[in-house]
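A look at the structure
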Amino acid sequence: MTNTKQTLLDHYKETMDFVRNLEHIPEDAWRSSYAEGKWTIAEIVGHLSPWDRFMVAERLPFMLADEPFRVKPNSQEVNEEAAKMSREQQRILTIDEFLVSRDLLRRAVDLIPEERLTDTFTSNGKTMMIVDLLGAMKQHDLHHIDQIKQVTAR
């Protein structure tokens, strides 16, 4: 499926609805992983928020201004810190943080004119369109939603 502004906006709304519904699963499911040695639902949801905020603050503005990126995050450190925080905090805080950060991303993408989504940028020697990066993030979400569904289907 080709990603358009509308399919991305729909996806953001769907992920927000999906995560909001995780308020109703049992606490032991929230703290369960989909497989031995893998992240729990809490950790999965918790690690998405910093990346949404990063995209809004450190990627989209620079891509749209055709300026080089200022920051190159250490993905492993960001993910580990987010997972740790999600293990320690109440579920409602992790969910609320996700809903706020995802809504920021949704609103930022909504402000981008459709024709600008095909603007290109170069990162690590690779040139791609803004919509391709947003589409890759969407696929990342869907991968994690499938993992969460493995736990909630038990």
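Calculation rules
- Residues numbered from 1 in each chain as written.
- Predicted model: local features only at pLDDT ≥ 70, side-chain atom pairs only at ≥ 80, totals over all residues.
- Heavy atoms only, no water.
- Helix = DSSP H or I, 4+ residues; strand = E, 2+ residues; numbered from the N terminus.
- Phe/Tyr/Trp six-rings, centres within 6.5 Å; stacked < 30°, edge-to-face > 60°.
- Buried < 20%, exposed > 50% of the residue type's maximum accessible area, 1.4 Å probe, protein only.
- Contact = heavy atoms within 4.5 Å.
- Core = buried A, V, L, I, M, F, W, Y, C linked by side-chain atoms within 4.5 Å.
- Salt bridge = Lys/Arg side-chain N within 4 Å of Asp/Glu carboxyl O.

When you line up the elements, Thr7 lands in helix α1 (residues 5-21). It is 30 Å that separates the C-alpha atoms of Thr7 and Arg154, two residues lying 147 residues apart in sequence.

Now for the packing of aromatic side chains. Under the counting rule described, the total for this entry stands at two aromatic pairs. Arranged with centres 5.8 Å apart and planes meeting at 55°, the rings of Phe69 and Phe121 form a pair that is tilted. Placement of Phe69 in the loop between α3 (41-64) and α4 (75-88) and of Phe121 in strand β1 (residues 120-123) is noted, with a sequence separation of 52 residues between them. With a relative accessible area of 7%, Phe121 lands in the buried category.

A few words now on the side chain of Ser49. Looking at the secondary structure, you find Ser49 in helix α3. In this structure Ser49 comes out as buried when scored by relative accessible area, which is 1%. In contact with Ser49, other than residues within four places in its own chain, are Glu97, Phe98 and Ser101.

If you look at the biggest cluster of nonpolar residues, it comprises 19 residues, and the most contacted ones within it are Val19, Leu22, Trp30, Ile41, Val45, Phe98 and Ile148. The leading source of residues in this core is α3, at five residues. Setting aside chain neighbours within four positions, we find Trp30 in contact with Leu22, Ile25, Thr40, Ile41, Ala42, Val45, Arg91, Thr94 and Ile95. Ranked by size, the runner-up nonpolar core spans 18 residues in total, among them Leu60, Ile112, Ile130 and Leu133.

With that out of the way, let us pick up the pattern of salt bridges. A full pass over the atoms with the stated rule returns 12 salt bridges. Here Asp17 makes a salt bridge to Lys13, at a shortest N to O gap of 2.9 Å. Placement of the pair is Asp17 and Lys13 together in helix α1, with a separation of four residues, close to one helical turn. Taking relative accessible area as the criterion, Asp17 reaches 29% and is therefore assigned partly exposed. Salt-bridge contacts for Glu58 lead to Arg70; the nearest nitrogen and oxygen are separated by 2.7 Å. Of this pair, Glu58 sits in helix α3 while Arg70 sits in the loop between α3 and α4, placing them 12 residues apart in sequence. According to the relative accessible area criterion, Glu58 is buried, its value standing at 14%.

These results come straight from atomic positions and should not be treated as a statement about function.
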